[in-house]
Amino acid sequence: MVVARKWVYVKPFDGLPKDENFKLEQETLPDELAENEFLAEAEFLSVDPYMRPYMAAYPAGTTMIGGQVSKVTVSRNEQFPVGAYVFGNFGWRTHTIVNPDKLPAENRPYVLPSFGSHPRSLGLGVLGMPGNTAYFGFLELCQPKAGETVVVSGAAGAVGSVVGQIAKLKGCTVVGVAGSDDKCAWLRQLGFDATINYRTVGEGGFAAALKQAAPKGVDCYFDNVGGYISAAVMQQMNLFGRISVCGTISNYNDARVQVSDPQREFVFKQLRQEGFIVTRWHKRWMEGIEANLRWIEEGKLTYQETVTEGFERMPEAFVSMLTGGNTGKAVVKL
Ligand SMILES: NC(=O)C1=CN([C@@H]2O[C@H](COP(=O)(O)OP(=O)(O)OC[C@H]3O[C@@H](n4cnc5c(N)ncnc54)[C@H](OP(=O)(O)O)[C@@H]3O)[C@@H](O)[C@H]2O)C=CC1
Ligand SMILES: C/C=C/C(C)=O
């Protein structure tokens, strides 16, 4: 008999998530698997920003959504043999019975490719959804060219840190915006040409700091945060600039801030802005993972993880990530 533990969303979020929004529960799983099913035992779980806005679409009583790296411990599906490690969007739970055939194509679990000497947890970060968000969301939408200036907000996180490094690989000058001096120092170690600690310069000083960091203006903006940071970057875009809108974490917990109307910039500088959800590229998923793994193996792409130990600490790790407690990818190890 397998008893799964799971974190249930028991009360709608209001502002920053709090303990009262979550309840740790148990669920006894069936003893027998049906044909095509397998049992997955979680090893690493992901905490991601999207969980905050996406949960608004789910009723109280739903298990928290999310990806995990897990081990197949029992199987009646030859594509997922016992002992294989898989990525799946199984939610915040320790054990899950899965029938992949019943899931939509863009949400199917997959067996992790070999990461060589690198940890399997990278399947939640640079070699998983956030890494692919950087790879496709930046290269496809920004179409960067050597010599251009790229600004990345949320630059020291899972997605942003990879975007900035790919931009350097493409020969760009890269400016990273992040929320602490330590994060900025790490970005410069990664090769970022300039950094801005947005918390130190504040909203009033941001435009001047950006002008100093990007004196030739901005050709590509990879936007992870929205709000006043993005409004200021829009004002300093160059002719024919491209903006990839990846996320707006600055307003996931709060009301949207008022920013000045950016439309004028779009007309006179002939800018192009496009939002995306990374599953748009689900048919090319392994291309992104293989490219990022190759760059890691070649020493051209570096990663960092912030690991919280213990399933019972999932809500704590989630809130910490939303408030800047992570550098690189935030994961929870069971
Ligand atoms: N479109 C898509 O398909 C996808 C979009 N995303 C989006 O990408 C963004 C980054 O995700 P991910 O890399 O996983 O997360 P991160 O690893 O970057 O973690 C979140 C970070 O956001 C920063 N942050 C929090 N509040 C603010 C704020 N008010 N202003 C500026 N920065 C803030 C914090 O860093 P700091 O200390 O710098 O403040 C925090 O560490 C999110 O907006 C997310 O929704 C992610 C995956 C897929
Ligand atoms: C898949 C993730 C989406 C966002 C907006 O974070």
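If you're wondering where the values come from, they're calculated on a predicted model, not measured in any experiment.

Next up on the list: helix H2 (residues 129-142). End to end, H2 covers 19 Å across 14 residues, agreeing with the expected 20 Å (1.5 Å per residue, within 8%). Where burial is concerned, most of H2 is hidden: 12 out of the 14 residues are buried. Residues of H2 that are buried include every one of Met 129, Pro 130, Gly 131, Asn 132, Thr 133, Ala 134, Tyr 135, Phe 136, Gly 137, Phe 138, Leu 141 and Cys 142, and no others. Close packing links the buried residues of H2 with helix H3 (158-169), strand S12 (218-223), strand S13 (237-245), strand S14 (272-275), helix H8 (285-297) and strand S16 (329-333). Positive phi shows up at Gln 143, right after H2, with a value of about 45 degrees.

Moving on, we get to the pairing of strand S9 (residues 149-153). When you tally the buried positions in S9, you get five out of five residues, the bulk of the element. Burial of S9 is two-sided: the residues Thr 149, Val 151 and Ser 153 facing one way and the residues Val 150 and Val 152 facing the other way are all buried. Direction of pairing for S9 relative to strand S10 (residues 173-178): parallel, over a ladder of five bridges. Among the inter-strand pairings, Val 151 is bridged to a residue of S10, identified as Val 175.

What follows is about the packing of H2 against H8. Relative to each other, H2 and H8 sit at 95 degrees, their axes nearing to 9 Å. Between H2 and H8, the angle falls in the class roughly perpendicular. Mapping the contact onto sequence places Gly 131, Asn 132, Tyr 135 and Phe 136 in H2 and Trp 285, Gly 288, Ile 289, Ala 291 and Asn 292 in H8. The residue inventory of the contact of H2 with H8, partitioned by class, reads five nonpolar, four polar and no charged.

All right, on to helix H5 (residues 198-213) then. Helix length check: H5 (16 residues) gives 12 Å between terminal C-alpha atoms against 22 Å at 1.5 Å per residue, more than 12% under. In H5, a bend of some 110 degrees at Gly 205 exceeds every other bend along the element. If you follow the buried residues of H5, they end up packed against S10, strand S11 (194-197) and helix H6 (227-235).

What follows is about the confidence of the model for the protein chain. A residue-level look at the protein chain finds 100% of positions with pLDDT of 70 or above and a mean pLDDT of 98. The ipTM, which scores confidence in the relative placement of chains, is 0.99 for this predicted complex, and the corresponding pTM is 0.98.

Following the sequence through the fold, Gly 226 ends up in the loop between S12 and H6. Judged by C-beta crowding, with 21 C-beta atoms within 10 Å, Gly 226 ranks as buried. Counting along the chain gives 21 residues from Gly 226 to Gly 247, while the straight-line C-alpha distance between them is 7.0 Å. Setting aside residues up to four positions removed in sequence, Gly 226 forms contacts with Thr 248, Ser 250 and Asn 251.

About the cut-offs
Residues numbered from 1 in each chain as written. Chains lettered and ligands numbered in written order. Predicted model: local features only at pLDDT ≥ 70, side-chain atom pairs only at ≥ 80, totals over all residues. Helix = DSSP H or I, 4+ residues; strand = E, 2+ residues; numbered from the N terminus. Expected span 1.5 Å × (residues − 1). Buried ≥ 20, exposed ≤ 12 C-beta atoms within 10 Å, placed from the backbone. Contact = placed C-beta atoms within 7 Å. Pairing = 2+ DSSP bridges. Axes fitted to C-alpha atoms, helices over the stretch in contact; angles between N-to-C directions. Parallel < 35°, antiparallel > 145°, perpendicular 65-115°, else oblique. Nonpolar A, V, L, I, M, F, W, Y, C, P; charged D, E, K, R; others polar. Bend = angle between axes of the 7 residues up to and from the residue. pLDDT = per-residue confidence, 0-100.

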